[in-house]
Each structure stands twice: as structure tokens, then as C-alpha cells.
Amino acid sequence: MVMLLCAYGLGAGAAMAADHASILMYHRFGENKYPTTNIRLEQFDAHLERLQNGDFTVWPLPRIVEYLQSGQPLPDRTVAITIDDAYQSVYQEAWPRLQALDMPFTLFVATQPIDANRYGYMTWDQIRELQSAGVTIGSQTRTHPHMHQISIERSKSEIAESNARFIAELGLRPALFAYPYGEYNMAVIDAVKKAGFTAAFGQNSGIAHGYNGFYELPRFAMNEQYGTLSRLDLAINGLPLKVDQITPEDVILDQNPPIYGFTLAPDMDKPNQLRCFNSIYGKLDVTIMGPRAEIRLPGPLNGKRARINCTMPGYDGRWRWFGRQFLNP
């Protein structure tokens, strides 16, 4: 037990020094028919070994949010594990491994597939079993829609109806929310806030810190292609690239390519080494004007979802991350 306490940052000697955390996101485990959402079991085992044996602190996501919102320092290299969609492979493969290592995690659930006993999904009995064992249950709406494509009235009903099902089945309504597909707009964010969620999470890469709010918090998606140990190391050793005054404010593109920019926080001390990238265009043009960074693309962002990731060197050979996912209407 002493070894576990030290490994997960609960011992008296844990170094409390950070204002950020890395949040990992998984979906399926050992379901090789779905490579874009699946992590192979040997990959997941390697991830857990790295987290167990490295200088990392695995904390429950609610505790991380509480510390970030209150300004309390976290242990450096704090990590949260999140899993979306409540597939059966979570119960059969991921949970036994995480439980054996006493590693906390959050399961984000859309209620309708569970109510319908849809093949490949967990049951309410299984979710209650996880909840009883200390797993945090978060919300992912009722039907897992593309929330920016439906009316705001339907978005509100998706949240309200799923909350009613959570209360009926689990005796509580979740405090944490994950946007289905990582998709939202400003109206959806406002609906999530007004529904009483304390924080909400997307699927854009980056280090969570809350400098620019708690309703677009980033997570590193882990799957077969992007689940290598080298990428895991970049994520869990990452540092925050703190920005605010982001333009455009909404991730729904009303102009493509976007006129994209943001203001760096005062403690981001290497502005001239800021680099931004897109999968289509590679390295992008970045202009620095004092604390302001303006990023220009040579052409439009293609597809329904497109990401721009920005990095900056940090200390001890570590990298600062900030990612943003844009949506074509």
C-alpha cells in the first residue's frame, strides 16, 4: 500500500508544484475492428506500465478539476484517465487492469445506448458496479449527437433527459461533461454551464490548466495510430501553453481559412519559439506581436473537423501544448 500511495502522489513526500494536468482519453480496448477508437491491449498495458513505474501521479479527474479551480498546486506530471462511450471492452478489459493497479478513471456515458441494451455497450448494472468501486461517472448526453448541428433546445433536452436517467439509475447526476465527438459551439457551452456541470472536455490535444476557462478542457486521444509510447510520453510530460483572447471565439468556422490568433499568458516566456501545425499544411505561418500570436493558413481547413496544434519549448526538455479543433458547418 505504501508503494501505491507514493506512486500515485498521495504520500507525504509528493512534490506539489504544478498548475496543470494531462488528461488521456480512450474508447475501446482490444476491439481491433475499430482502429480509430480502439487501443490494442498490448499498447494499453504499455501505457499502464509507464504510468505505474514513471514519475507520474494518477489522480481522479474531479480532484484535478477541484485543484485547478481553487488554485491549489498539483504534483508535477499529474495524469487523469478518461474513457468515453461505455463499451463492453471497458468492463471486460480496461477496468480489471486499472482496478488491479488502483488507478482511478472517469467513464463518460451517453444514456440511450445503455437504456436500449445496445450490443457492445455496458449495462446499468455494470456501470453501478464501477461506480460502487469508486469510478467517476460523467455525462455524454442521451443519444451522443453532434451537438453543434442540433437546435439548442434539443441540446438542453439531451442534457436534461440524460440527467434524469443518471439520477434514476445511479442516484446522482454527473458533475463532469464530455462533448460527443469533441464538438460544440458557444451556445452548447452556455447550455452545459447553465445545466450545472463544473467542467467540460473536448477532444483537442493539450494540457489542462483552466487559464482560459473550464468548459473547453483538452484531452489527448489515444488509439492504435496515436497510442505509441513516444506520443504518450509527449502527453504525460507536457506543459501547458496558456493562451486566452482566442479568435475566432467559436470553433464553428464562419470564415475558412480562419483568421486565427490568441494572446499568450505572461509566463509563456519563449513567444518567438511558438510553432503551429496542421495535418494538411504542416508548419503554419506565425506572427508574434508582443504577447499576441497570429496564425495564418495557406488555404481552407478541409473536412468536418480540423485541428491546429501549437507548441513551445518548456523547461527540462519538455514541450508546451495548445490544440484547437475547428468544425466546418
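Refer to the preceding data block for the structure.
Everything in this summary refers to the structure shown in the same document. (Residues numbered from 1 in each chain as written. Predicted model: local features only at pLDDT ≥ 70, side-chain atom pairs only at ≥ 80, totals over all residues. Heavy atoms only, no water.)

**Description of the pattern of salt bridges**
Alright, step 1. Using the criterion set out here, one finds 23 salt bridges in the structure.
Alright, step 2. With a closest N to O distance of 2.9 Å, Glu-93 and Arg-97 form a salt bridge. Here Arg-97 and Glu-93 lie together in helix H4 (residues 88-100), a separation of four residues that amounts to about one turn.
Alright, step 3. Residues Arg-154 and Glu-158 are paired through a salt bridge, measuring 3.4 Å at the closest nitrogen-oxygen approach. Of this pair, Arg-154 and Glu-158 both sit in helix H7 (residues 152-170), separated by four residues, roughly a single helical turn.
Alright, step 4. Residue classification places Glu-158 among the buried residues on the basis of a relative accessible area of 4%.
Alright, step 5. Connected through shared salt-bridge partners, Asp-115, Asp-125, Arg-128, Arg-165 and Glu-169 make up one network. (Salt bridge = Lys/Arg side-chain N within 4 Å of Asp/Glu carboxyl O. Helix = DSSP H or I, 4+ residues; strand = E, 2+ residues; numbered from the N terminus. Buried < 20%, exposed > 50% of the residue type's maximum accessible area, 1.4 Å probe, protein only.)

**A closer look at the layout of surface pockets**
Alright, step 1. Reported here for the largest pocket is a volume of approximately 1,200 Å³.
Alright, step 2. Around the largest pocket sit 37 residues that line it, and Gln-203, Ala-221, Asn-223, Tyr-226 and Arg-307 are the ones nearest its centre.
Alright, step 3. Taken together, the elements giving at least two residues each to the lining of the largest pocket come down to strand E16 (275-278), strand E20 (305-313) and strand E21 (319-327).
Alright, step 4. Examining the composition of the lining of the largest pocket, we find that five residues originate from one element, E20, more than from any other.
Alright, step 5. Taken as a whole, the second largest pocket spans an internal volume of roughly 390 Å³. (1 Å grid on protein atoms, 1.4 Å probe; cavity = no way out; pocket = protein on both sides within 12 Å on 5 of 7 lines; lining within 4 Å. Points joined across faces, edges and corners; volume = space filled by probe spheres on them.)

**As for helix H3 (residues 61-70)**
Alright, step 1. Taken residue by residue, H3 has Leu-61, Ile-64, Val-65, Tyr-67 and Leu-68 as its buried positions. Along H3, the residues classed as buried sweep out an arc of 165° about the axis, all on the same side.
Alright, step 2. Within two residues after H3, Gly-71 carries a phi angle of roughly 80°, on the positive side. (Arc of directions from axis to C-beta.)

**Concerning the pairing of E20**
Alright, step 1. Bridge analysis of E16 against E20 gives three bridges, and the strand direction is antiparallel. Bridge pairing in E20 places Cys-276 opposite Cys-310.
Alright, step 2. Both E20 and E21 contribute to a ladder of nine bridges, which runs antiparallel. Bridge pairing in E21 places Cys-310 opposite Phe-322.
Alright, step 3. Turn length for the E20-E21 hairpin, with the two strands adjacent in sequence and antiparallel, is five residues, and the turn residue Asp-316 shows positive phi of about 55°. (Pairing = 2+ DSSP bridges.)

**Considerations on the state of the cysteines**
Alright, step 1. Using the criterion set out here, one finds one disulfide in the structure.
Alright, step 2. Two residues, Cys-276 and Cys-310, share a disulfide whose sulfurs are 2.1 Å apart. Measuring the twist about the S-S bond at about 110°, one finds the Cys-276-Cys-310 disulfide to be right-handed. Taken together, the positions of Cys-276 in strand E16 and Cys-310 in strand E20 put the pair 34 residues apart, joining distant regions of the chain.
Alright, step 3. Classification of Cys-276 as buried rests on a relative accessible area of 0%. (Disulfide = S-S within 2.5 Å.)

**Quick word on the packing of H7 against helix H8 (residues 186-194)**
Alright, step 1. As a packed pair, H7 and H8 sit with axes 10 Å apart at the nearest point and diverge in direction by 35°. The crossing of H7 and H8 is right-handed. Between H7 and H8, the residues in contact are Ile-152, Ser-155, Lys-156 and Ile-159 and Ala-187, Val-188, Ala-191 and Val-192, respectively. (Axes fitted to C-alpha atoms, helices over the stretch in contact; angles between N-to-C directions. Left-handed = near helix turned anticlockwise from the far one by under 90°. Contact = heavy atoms within 4.5 Å.)

**Description of the sheet that holds strand E15 (residues 260-264)**
Alright, step 1. Pairing within the open sheet is antiparallel, and its four strands lie in the order E14-E15-E19-E18. Strands at the two margins of the open sheet, each flanked by one partner only, are strand E14 (243-247) and strand E18 (285-289). In this sheet, neighbouring strand axes are inclined to one another by 20° on average, regardless of whether the strands run parallel or antiparallel.
Alright, step 2. Sheet topology note: the E14/E15 ladder contains three bridges and is antiparallel. By the bridge assignment for E15, Val-243 is matched with Leu-264.

**With respect to the packing of aromatic side chains**
Alright, step 1. Here the structure, examined in full by the defined rule, presents 15 aromatic pairs.
Alright, step 2. Where Tyr-26 meets Phe-29, the ring centres are 5.7 Å apart and the plane angle is 35°; that geometry is what we call tilted.
Alright, step 3. Given a relative accessible area of 1%, Tyr-26 falls into the buried group.
Alright, step 4. Since its relative accessible area comes to 1%, Phe-29 is described here as buried.
Alright, step 5. Here a set of aromatic residues connected by ring pairs shows up, and it is made of Phe-177, Tyr-179, Tyr-184 and Phe-197.
Alright, step 6. When the ring centre of Tyr-87 is taken as origin, the NZ or CZ atom of Arg-28, which lies over that ring, is 3.7 Å away. (Phe/Tyr/Trp six-rings, centres within 6.5 Å; stacked < 30°, edge-to-face > 60°. Lys NZ or Arg CZ within 6 Å of the ring centre and 35° of its normal.)

Remember that the coordinates give geometry; whether it matters functionally is a separate question.
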